[in-house]
Amino acid sequence: QVQLVESGGALVQPGGSLRLSCVASGSIFKIYTMGWYRQDPGKQRELVATITSNGFTNYADSVKGRFTISRDNVKDTGYLQMNSLKPEDTAVYYCNLNRRVELVEYNYWGQGTQVTVSS
């Protein structure tokens, strides 16, 4: 059973920075695409960024140039470096591992970590 544990969420002032971490266990981390998603109460969960097993990255337009996703396949850990934070970045951030093998999709979520951007 795959387990994902996020950490690093906090209260930060606008313009500040945070780094989120996601530690994976229970499977071979490096074969999965890893992603960060976020969700505000009453809203749908939205994609923030993804990084494939080969290191290709993809970002939501709202975070391009401010956030950086990365992974350490030796430590089975993924990261989200968030700079120039804005109040609209406030949300619960979730780590995701995803892999599709033919018609079977493997999809795992962490429990989430709260990021609050406020003065």
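Right above here is the structure, for reference.
Scope of this entry: the structure provided in the associated data block.

As paired elements, strand E4 (residues 33–39) and strand E9 (residues 91–101) share 7 bridges and run antiparallel to each other. Counted as the bridge partner of threonine 33 is asparagine 98 from E9. Relative to strand E11 (residues 113–117), E9 runs antiparallel, the two being bridged by 3 bridges. Counted as the bridge partner of tyrosine 93 is threonine 113 from E11. The pairing of E9 with strand E10 (residues 104–109) spans 6 bridges and is classified as antiparallel. Following the sheet pairing, arginine 100 is matched in E10 by glutamate 105. Count of turn residues in the E9/E10 antiparallel hairpin: 2 residues, of which glutamate 102 carries a positive phi of about 55°.

The next thing to look at is the nonpolar core. Formed by 29 residues in total, the largest nonpolar core has its most connected members in Trp36, Leu80, Met82, Tyr93 and Leu97. Contributions of two or more residues to this core are made by strand E3 (18–25), E4, strand E5 (46–51), strand E7 (67–72), strand E8 (77–82), E9 and E11. Leucine 80 has contacts with Leu18, Arg19, Leu20, Trp36, Val48, Ala49, Phe67, Thr68, Ile69 and Tyr93, leaving out every residue within four places of it along the chain.

Within the secondary structure layout, aspartate 76 lies in the loop between E7 and E8. Put simply, aspartate 76 and glycine 110 are 34 residues apart on the chain and 14 Å apart in space, counted from C-alpha to C-alpha. Leave out the neighbours within four places in its chain, and aspartate 76 touches Cys22, Val23, Ala24 and Phe29.

Here the focus is a nonpolar patch on the surface. On the surface, Val101, Val104 and Tyr106 cluster together into a nonpolar patch covering about 210 Å² of accessible area. On the secondary structure map, tyrosine 106 appears in strand E10. Relative accessible area serves as the criterion here: at 31%, tyrosine 106 is assigned to the partly exposed category.

The full count for this structure, using the stated rule, is 1 disulfide. Between the sulfur atoms of cysteine 22 and its disulfide partner cysteine 95 the distance amounts to 2.0 Å. As the torsion about the S-S bond is roughly -80°, the cysteine 22-cysteine 95 disulfide counts as left-handed. Residue cysteine 22 is located in strand E3, and its partner cysteine 95 is located in strand E9; the two are separated by 73 residues in the primary sequence. Exposure remark for cysteine 95: the relative accessible area of 0% places this residue in the buried category.

Calculation criteria
Every chain begins its residue count from 1, and numbering advances along the sequence as written. Restriction of local features to residues with pLDDT of at least 70 applies here, the model being predicted, together with a cutoff of 80 or more for giving and counting side-chain atom pairs; totals for whole chains, interfaces and linings are based on all residues. Only hydrogens and water are removed before side-chain values are computed, so all heavy atoms of the structure are retained for them. We call two strands paired when DSSP finds no fewer than two bridges between them. Note on conventions: DSSP H or I runs of at least 4 residues are helices, E runs of at least 2 residues are strands, and numbering of each starts at the N terminus. Working definition of a nonpolar core: buried Ala, Val, Leu, Ile, Met, Phe, Trp, Tyr and Cys residues. They are joined through side-chain atoms within 4.5 Å. For every residue, the accessible area (1.4 Å probe, protein chains only) is compared with the maximum for its type, and the residue is labelled buried under 20%, exposed over 50%, or partly exposed between those bounds. Should any heavy atoms of two residues lie within 4.5 Å, those residues are counted as being in contact. The patches reported here contain residues having more than 30% relative accessible area and no salt bridge. Joining distances are 9 Å for like charges and 5 Å for nonpolar side chains (Val, Leu, Ile, Met, Phe, Trp, Tyr). Each accessible area is a Shrake-Rupley result for a 1.4 Å probe, and residues are judged covered by the shown protein chains and nothing else. For this document, the term salt bridge refers to a Lys or Arg side-chain nitrogen within 4 Å of an Asp or Glu carboxyl oxygen. Count a disulfide wherever a pair of cysteine sulfur atoms falls within 2.5 Å.

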